[in-house]
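# Overview (structure and organization)
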Amino acid sequence: MAKSQKGSVAVSAVDGRLRLRWQAIDAEGKQKRFSLAFGASNATNRLAADRLARQIELDIASGNFDPSLRKYKVGTDRQDLLTVVQLLDRFVSANIAAEQSSSQQRYRTETIL
């Protein structure tokens, strides 16, 4: 793979998956290499990855780059994420009938503080 220009984000396919790679200044003011996995290598994802790469380049140039990468990861802005305990409780109530109380008791979760 040829070296990309300074300040640019390279999109490449590795083992059937897309990856974005670039260098920028991190939160501590040091030059750092960044990498972001994007998804399966197909035409639709490639267009989306190219678009995200241009967005990252613009953010670096304008001083709005987020070194935590939260801004660039898909799905991290959701507020309704479940905890493991909530997910297990939903599973138990959906898959174990009420008459199987011993099974429900075995899988019941309790928060330990």
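Within every chain, residues take consecutive numbers counted from 1 along the sequence as written. Side-chain atom pairs in this predicted model are given and counted only at pLDDT of 80 or more, local residue features only at pLDDT of at least 70, and totals for whole chains, interfaces and linings cover all residues. The side-chain values count all of the structure's non-hydrogen atoms but skip hydrogen atoms and water molecules.

## Focus on the side chain of Glu57
The helix count covers DSSP runs of H or I at least four residues long, the strand count covers runs of E at least two residues long, and both are numbered beginning at the N terminus. Looking at where Glu57 falls in the secondary structure, it is placed in helix α1 (residues 43–62). Residue classification places Glu57 among the buried residues on the basis of a relative accessible area of 19%. In this structure, Glu57 is in contact with Gly7, Ser8 and Val9, ignoring residues within four places of it in sequence. Relative accessibility thresholds used throughout: buried, under 20% of the residue-type maximum; exposed, over 50%; partly exposed, between the two (1.4 Å probe, protein chains only). Any pair of residues with heavy atoms lying within 4.5 Å of one another is described as a contacting pair.

## Remarks on helix α2 (residues 84–95)
Expected helix span is given by 1.5 Å per residue-to-residue step, counting one fewer step than there are residues. The end-to-end C-alpha distance of α2, which contains twelve residues, comes to 16 Å, matching closely the 16 Å that a straight helix rising 1.5 Å per residue would cover. α2 sits mainly on the outside: one of its twelve residues count as buried.

## A look at the packing of aromatic side chains
Side-chain rings of Phe, Tyr and Trp, where Trp is taken by its six-membered ring, are said to pair if the distance between their centres is within 6.5 Å; with planes under 30 degrees apart they count as stacked, over 60 as edge-to-face, and otherwise as tilted. Taken as a whole and judged by the stated rule, the model has four aromatic pairs. Seen from their ring centres, Phe34 and Phe65 are 5.1 Å apart, and the 75° between their planes marks the pair as edge-to-face. Highlighted residues: Phe34 in strand β3 (residues 31–40) and Phe65 in the loop between α1 and α2, separated in sequence by 31 residues. The class for Phe34 is buried, based on a relative accessible area of 6%. Relative to Tyr72, the ring of Phe65 lies with its centre 5.8 Å away and its plane at 20°, an arrangement referred to as stacked. For Tyr72, a relative accessible area of 4% gives the class buried.

## Quick word on the sheet that holds strand β1 (residues 10–14)
Each pair of strands is called paired provided DSSP finds at least two bridges between the two strands. The strand order β1-β2-β3 describes an open sheet built from three strands, whose pairing is antiparallel. Across the chains shown, the open sheet's two edge strands, defined by having one partner strand only, are β1 and β3. Across the sheet, the mean angle separating the axes of adjacent strands is 25° when strand polarity is ignored. Alignment of strand β2 (residues 17–25) against β3, held across nine bridges, turns out to be antiparallel. Note on β3: the bridge partner recorded for Gln23 is Arg33. In this fold α1 packs onto β1, β2 and β3, with an angle of close to 5° to the strand it touches most, β2. Axes, fitted as lines to C-alpha atoms, cover a helix only where it is in contact. Angles between the N-to-C directions of the axes lie from 0 to 180 degrees.

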